[in-house]
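# Structure assessment
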Amino acid sequence: MAQRVVFHVGLPKTGTTYLQSVLWNNRTRLAQQGVLFPGRSRRQHMRASMVVREHPKVAERGHDAPMTWADLLSEIADWPGTALLTHEFFGGATAAQAARAIEDLRTTGGAQQVDLVVTARDVVTITTSYWQELSKHGFYEQSLEQFPKHRGPRSEWSLDVLDLESVLRRWSATLPAPDVHVLVV
């Protein structure tokens, strides 16, 4: 049973890919220091975010994708120290989905404490960077002025996941204030 889970839920475009790469490449060192970075692949945390957000296309990510959240919870439950989860798309969860995920960490994962971490950056830079990323990968073909504020409750490609106040409101509702951490990058 994990003593503590550090749960990083975003925001996108705040150095998250770099952070996740460093963590993945140092999993053995982290484990030696009592920190579990669970998962069998780099993409498992992203797939788990899809499960938490009840994304309708999670099954398209592989036959085992719908089980990734349960798999991570099982790994966490078997770990005696601190566990760390991170993916910026978790930030797109609704308040009910976020509350359920935190409850899952406490019950199924056995976490005695859940610390929420949200990385933040100024809204102008983050929005233009996000729009550029979407355009580059062909997900969005309209001007920045037409960028959608909301594309649905399960969408990781909308301004909903970039709105620090909204993400914090949705994710911190069931946590004590001292367990919510905002890191400005």
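Positions within a chain are numbered from 1, following the residues in the order the chain's sequence is written. Where totals are concerned, whole chains, interfaces and linings use all residues; where local detail is concerned, this predicted model gives features only for residues with pLDDT of at least 70, and gives and counts side-chain atom pairs only at 80 or more. Hydrogens and water molecules were not included; the side-chain quantities draw on all heavy atoms of the structure.

### Some words on the nonpolar core
Operational definition: Throughout this description, the term nonpolar core refers to a set of buried Ala, Val, Leu, Ile, Met, Phe, Trp, Tyr and Cys residues connected via side-chain atoms within 4.5 Å. When accessible area is computed with a 1.4 Å probe and restricted to protein chains, residues below 20% of their type maximum are described as buried, those above 50% as exposed, and intermediate ones as partly exposed. Helix numbers and strand numbers start at the N terminus; a helix is a DSSP run of H or I with at least 4 residues, a strand a run of E with at least 2. Two residues qualify as a contact provided that any one of their heavy atoms is within 4.5 Å of a heavy atom in the partner residue.
Membership of the largest hydrophobic core comes to 38 residues, with the highest contact counts inside it found for Phe 7, Trp 69, Leu 105 and Trp 171. When contributions to this core are tallied by element, the ones reaching two or more residues are β1 (4-8), α3 (44-52), α4 (68-77), β3 (82-86), α5 (95-107), β4 (113-120), α6 (123-136) and α7 (164-172). Those residues within four positions of Phe 7 in sequence are excluded, and the remaining contacts are Trp 69, Leu 85, Phe 90, Ala 101, Leu 105, Val 114, Asp 115, Leu 116, Val 117 and Trp 171. Core analysis: the next-biggest nonpolar cluster, separate from the first, contains eight residues, Leu 23, Trp 24, Val 35 and Phe 37 among them.

### Some thoughts on the sheet that holds strand β5 (residues 180-184)
The criterion, for reference: Two strands are said to pair when DSSP picks up at least two bridges between them.
Spatially, five strands are ordered β2-β3-β1-β4-β5 in an open sheet, and the strand pairing comes out parallel. The sheet terminates laterally at β2 (35-36) and β5, the two strands that pair on one side only. By the bridge criterion, two bridges tie β2 to β3 in an arrangement that is parallel. For Leu 36, the partnering residue across the bridge sits in β3 and is Ala 83.

### Focus on the pattern of salt bridges
Rules: By definition, a salt bridge exists where a carboxyl oxygen of Asp or Glu is found within 4 Å of a side-chain nitrogen of Lys or Arg.
Throughout the structure, instances matching the rule amount to five salt bridges. Arg 4 is the salt-bridge partner of Asp 115, the closest N and O atoms lying 2.5 Å from each other. Here the residue Asp 115 occupies a position in strand β4, and Arg 4 occupies one in strand β1, the gap between them amounting to 111 residues. Each of Arg 40, Asp 64 and Asp 71 takes part in one network of salt bridges that share partners.

### With respect to the packing of α4 against α5
What counts is decided by this rule: Between the N-to-C directions of two axes lies an angle of 0 to 180 degrees, each axis being a line fitted to C-alpha atoms and, for a helix, fitted only over the stretch in contact. Lys, Arg, Asp and Glu make up the charged group, whereas Ala, Val, Leu, Ile, Met, Phe, Trp, Tyr, Cys and Pro make up the nonpolar group; the residues left over, Gly among them, are polar.
Between α4 and α5, the shortest axis-to-axis distance is 9 Å and the interhelical angle comes to 35°. From α4, Trp 69, Leu 73 and Ile 76 reach across to α5, where they touch Ala 101, Asp 104 and Leu 105. Per-class residue counts for the contact of α4 with α5 are five nonpolar, no polar and one charged.

### What to know about the packing of aromatic side chains
The condition that has to hold: For Phe, Tyr and Trp, where Trp contributes only its six-membered ring, two rings pair if their centres lie within 6.5 Å, and the inter-plane angle classes them as stacked under 30 degrees, edge-to-face over 60, or tilted in between.
If you walk through the whole model with that rule in mind, you get six aromatic pairs. Centre to centre, the rings of Phe 90 and Trp 171 are 6.5 Å apart; their planes meet at 90°, and the pair counts as edge-to-face. Here Phe 90, found in the loop between β3 and α5, pairs with Trp 171, found in helix α7; they are 81 residues apart in sequence, far enough to count as distant. On the basis of relative accessible area, Phe 90 is assigned to the buried category, the value being 0%.

### A few points about the environment of Tyr 18
Relative to the helices and strands, Tyr 18 resides in helix α1 (residues 16-25). The spacing of Tyr 18 and Pro 66 is 48 residues in sequence and 25 Å in space, taken between C-alpha atoms.

### Some details on the pairing of β1
Taking burial as the measure, the five residues of β1 include four buried ones, the bulk of the element. Bridge count for β1 against β3 is five bridges, and the pairing is parallel. Along β3, the bridge assignment pairs Arg 4 with Thr 82. Summarising the sheet, β1 and β4 pair through five bridges and their orientation is parallel. Bridge pairing links Val 6 to Asp 115 in β4.

Fair warning: the whole summary comes from geometry, so function is off the table for now.
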